[in-house]
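Residue-level structure breakdown
What follows is the residue order along each chain.
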Amino acid sequence: MGTVRRPYNRAMTAAMTHAPAMTGLMKKAPGAENVGLGSVPRPGAGPGQVIIEVYATGICGTDLHIQHDEFASDPPVVMGHEVTGRVVEAGDSATDWLGRRVATETYFFTCDACDACRAGRRNLCPSRRSIGSHVNGGFASHVLVPARNLHEVHASVGEHAGALYEPLSCVTQCLCDPAVASPGDTALVVGPGAMGILCAQVLRSQGARVTISGMPADRRRLDIAASLGLAVVDAADLSDATPAGGFDVVADASGNERGIDAGLRAVRKGGHYVQVGLTGKPISVDIDLVCLKELVVTSGFASTPRSWRRLERLVADGHVVLDPLVTDVLPLSDWQTAFERTRRADGLKLVLDPRRDAPT
Ligand SMILES: [Zn+2]
Ligand SMILES: [Zn+2]
């Protein structure tokens, strides 16, 4: 690992020579909790790098897992990987990006030598080091990223909703290469969180007739899904809403044992089951259903440049809308409220906007 860390550390050393401090929401030390606001040097852009002034960074289940030490991180590190903002500084060969509103892929470093990297699957590189877990991320006023990771946010997308590009890239990675649904298919998405509603919109773009299921506590989320023209159903009534023989496609975006079990039961024989949600721990489900139904089971991890290109076209063509999914915008200083509400599934996508913090 020593050799793979060097490029980042060198970048930080250079950055630390010019720059005032900024406040970041950090994983401060290993172990559960140890999360809080801290001071870090404001970074500077080296060759091929840019500085993004952060407009919004989304709170993700992964951030909660990092908080509880259930997801690998390298503290002290500024958290946050669902970043959008404007490029305010650019190093050599990256100046074309100055002034543009962007979202960013999350990989700060990949080895570019392993089989995964050489096959264009940097998401599977064992040496991958990502912003928000191993390299300073987006819960701060500014973030340093490689320019090659940038994607311009479409003009139709609001300045906070650009934070949903990264989660959408994970959804297109799961659902689009190849497309899991065909025109006329029936599809069920389990779990009406941000990932679920993104999944439902992508499956609809593939021509499927989509239903999204949730629990009674998900009422507000289901209402947002319904406002986007999606069919919604309470999980308790799922059997009534299931087509004869089952759904052609089921995508689990709940990461919940009961939701996954319901999904495996609702998919038809020979159907396609996609695991999008992470459970964060081993769970117990009837895996025999995969054999007994001859299911095709697929998934996806993080994103690839190809999944980003795809999301850009889905957003530009209006197949996926993002703005209604951002229910709350809070300053960094309210991070505890935002994390707690995300844990309780209160709201849909909560984002932190560092511009809303009092100047320090
Ligand atoms: Zn995320
Ligand atoms: Zn690699």
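Shown above is the structure to which this text applies.
First things first, this report covers the structure right here in the doc. Note that the coordinates shown come from a computational prediction; the quantities given were computed from them, not determined experimentally. (Residues numbered from 1 in each chain as written. Chains lettered and ligands numbered in written order. Predicted model: local features only at pLDDT ≥ 70, side-chain atom pairs only at ≥ 80, totals over all residues. Heavy atoms only, no water.)

**What to know about the pattern of salt bridges**
Our working rule: By convention in these notes, a salt bridge is any Lys or Arg side-chain nitrogen within 4 Å of a carboxyl oxygen on Asp or Glu. Counting from the N terminus, the helices are DSSP H or I runs at least four residues long and the strands are E runs at least two residues long. Whether a residue is buried, partly exposed or exposed follows from its accessible area with a 1.4 Å probe, protein chains only, as a fraction of its type maximum: under 20%, in between, or over 50%, in that order.
A complete count under the given rule lists 19 salt bridges for this structure. Across the pair Arg 122 and Glu 105 runs a salt bridge whose closest N-O atoms are separated by 3.9 Å. Of this pair, Arg 122 sits in the loop between helix H3 (115-118) and strand S8 (129-130) while Glu 105 is found in the loop between strand S6 (101-104) and strand S7 (107-109), placing the two residues 17 residues apart along the sequence. For Arg 122, a relative accessible area of 9% corresponds to the buried category. For Asp 346, the salt bridge is made with Arg 341, and the minimal N-O distance between the two is 3.0 Å. Accessibility expressed as a relative area gives 15% for Arg 341, which makes it buried. Among the charged side chains, a salt-bridge network with shared partners connects Asp 328, Glu 340, Arg 341, Arg 343, Arg 344 and Asp 346.

**Considering the sheet that holds strand S1 (residues 21-27)**
So the rule is basically this: Two strands qualify as a pair provided that DSSP identifies no fewer than 2 bridges between them.
One open sheet holds the 3 strands; their spatial order is S2-S1-S4, and the pairing between them is antiparallel. Each of the sheet's edge strands pairs with one partner strand only, and the pair in question is strand S2 (35-41) and strand S4 (77-78). Both S1 and S2 contribute to a ladder of 7 bridges, which runs antiparallel. When the bridges of S2 are listed, Lys 27 appears paired with Val 35.

**Let's talk about the packing of aromatic side chains**
Short version of the rule: We call Phe, Tyr and Trp rings a pair once their centres come within 6.5 Å, taking the six-membered ring for Trp, and we label the pair stacked below 30 degrees between planes, edge-to-face above 60, and tilted otherwise. Definition used: whenever NZ (Lys) or CZ (Arg) falls within 6 Å of the ring centre and also within 35 degrees of the ring normal, the charge is taken to sit over that ring.
This model, assessed by the stated rule, comprises 2 aromatic pairs. Note on Trp 335 and Phe 339: the rings are 5.3 Å apart at their centroids and 90° apart in plane angle, and the pair reads as edge-to-face. Here Trp 335 pairs with Phe 339, and both are found in helix H11 (residues 335-343), just 4 residues apart, close to one helical turn. Assigned by exposure class, Trp 335 and Phe 339 land together as buried. Taken together, the ring pairs connect Phe 139, Trp 335 and Phe 339 into an aromatic cluster. Over the face of the ring belonging to Trp 97 we find Arg 100, whose NZ or CZ atom lies 4.1 Å from the ring centre.

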